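The primary structure of each chain is shown beneath.
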Amino acid sequence: EDQVTQSPEALRLQEGESSSLNCSYTVSGLRGLFWYRQDPGKGPEFLFTLYSAGEEKEKERLKATLTKKESFLHITAPKPEDSATYLCAVLSRQTSGSRLTFGEGTQLTVNP
Amino acid sequence: DAMVIQNPRYQVTQFGKPVTLSCSQTLNHNVMYWYQQKSSQAPKLLFHYYDKDFNNEADTPDNFQSRRPNTSFCFLDIRSPGLGDAAMYLCATSRDPPRPDTQYFGPGTRLTVL
């Protein structure tokens, strides 16, 4: 069974204080790993897709990396508007169709 | 802009009164999904359509049904809502083939059951 574990559950940062969120996964053949941002009361907003170990993607202050066991979402010099819940999800060969397995998320708060 | 649209954004229903949530997309994606998300939890897949083929998750209650009349629209029907069905309902779409691709989510419908 596919498993996704995100840590920490919650993270408080000061504006400008860089940090990383972790997503550890156990899957039978990774087909893709996805990062989403979710604001309260809204649907998840797509950030990145990573397909293979060693792959990296960047967008503004965010950078996602992937190894064979985990993914990191690095946040450089965060701003208060980066406050949100960040969700990690995997798609594996074990699951049928296109079913994503989500982690529980990391709730990020950036204080001014 | 191409997008996933959900209506209504907020829905209030009474215990046992059927309700229908709708989703439309302008992305021309062939796969559409319905998720249920409760407070502080990860989204939980209820079912998805791969083109016209309906795929139900094993643990999705019979109370939940779905219809996809065409590529652009998909509906979630809750036949007899219970208090435990109060949640955010998320619609998502993706494209497959050449491979299972990124799922794009709509803004969600917040369902309240009185």
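Each chain carries its own residue numbering, running from 1 in the direction its sequence is written. Key to labels: chains lettered from A, ligands numbered from 1, both in the order written. Only residues with pLDDT of 70 or above have their local features reported here, since the model is predicted, and side-chain atom pairs are shown and tallied only from 80 upward, although totals for entire chains, interfaces and linings are computed over all residues. Side-chain measures here rest on the full set of heavy atoms in the structure, leaving out hydrogens and waters.

Re the sheet that holds strand β1 (residues 3-7) of chain A
Residue and element names in this part refer to chain A. Think of it this way: DSSP has to see at least two bridges between two strands before they count as a pair. Numbering goes from the N terminus for both helices and strands, where a helix is a DSSP run of H or I of at least four residues and a strand is a run of E of at least two. One open sheet accounts for 5 strands, arranged β1-β3-β8-β7-β6; its pairing is antiparallel. Either end of the sheet is taken by a strand with one partner, and the two such strands are β1 and β6 (56-59). Each adjacent strand pair in this sheet contributes to an overall mean axis angle of 15°, direction not counted. The sheet contact formed by strand β7 (residues 62-66) and strand β8 (residues 70-75) spans 5 bridges and is antiparallel. If you follow leucine 66 over to β8, its bridge partner there is serine 71. For helices, the fitted axis covers only the stretch in contact; all axes are lines through C-alpha atoms, and the angles between them, taken along N-to-C directions, range from 0 to 180 degrees.

Some remarks on the pairing of β6(A)
For β6(A) and β7(A), the ladder comprises 4 bridges, and the chain directions are antiparallel. Paired with A:Glu58 across the bridge in β7(A) is A:Lys63.

Points about the interface of chain A and chain B
Across the contact, 20 residues belong to chain A and 23 residues belong to chain B. Summed over both sides, the interface of chain A with chain B buries roughly 1,700 Å², with 55% coming from carbon and sulfur. Two parts placed together each lose some accessible area under a 1.4 Å probe, and adding up what both lose gives the buried area. Counting the surface chain A buries against chain B, the share from its top three residues, A:Tyr51, A:Ser98 and A:Phe102, is 29%. Salt bridges are identified by distance alone: a Lys or Arg side-chain nitrogen within 4 Å of an Asp or Glu carboxyl oxygen. Where chain A touches chain B, the interface holds 0 salt bridges. Two N or O atoms form a polar contact when they lie within 3.5 Å of each other; inside protein one atom must be a possible hydrogen donor and the other a possible acceptor, and for residues adjacent in sequence the pair counts only when both atoms belong to side chains. The interface formed by chain A and chain B contains 5 residue pairs in polar contact (both at pLDDT 80 or more). Counting residues per element, the ones that place at least two in the side of chain A that touches chain B are β4 (30-38), β5 (45-50) and β9 (84-92) of chain A. Looking at the side of chain A that touches chain B, the element that brings in the most residues is β4(A), giving 4 residues. Throughout, the ten residues Ala, Val, Leu, Ile, Met, Phe, Trp, Tyr, Cys and Pro are labelled nonpolar, Asp, Glu, Lys and Arg are labelled charged, and all others, Gly among them, are labelled polar. For the side of chain A that touches chain B, the class distribution of residues is 9 nonpolar, 7 polar and 4 charged. In what follows, a contact means two residues having at least one pair of non-hydrogen atoms within 4.5 Å.

Some thoughts on the pairing of strand β1 (residues 4-7) of chain B
A regular strand carries its side chains on alternate faces of the sheet. All names here are of chain B. Throughout this description, buried means an accessible area under 20% of the type-specific maximum (1.4 Å probe, protein chains only), exposed means over 50%, and partly exposed covers the range between. Only one face of β1 is covered, namely the one carrying Val4 and Gln6; the face carrying Ile5 and Asn7 has none of its residues buried. Here β1 runs beside strand β3 (residues 19-25); their pairing, made up of 4 bridges, is antiparallel. Its bridge partner lying in β3, glutamine 6 is registered against cysteine 23.

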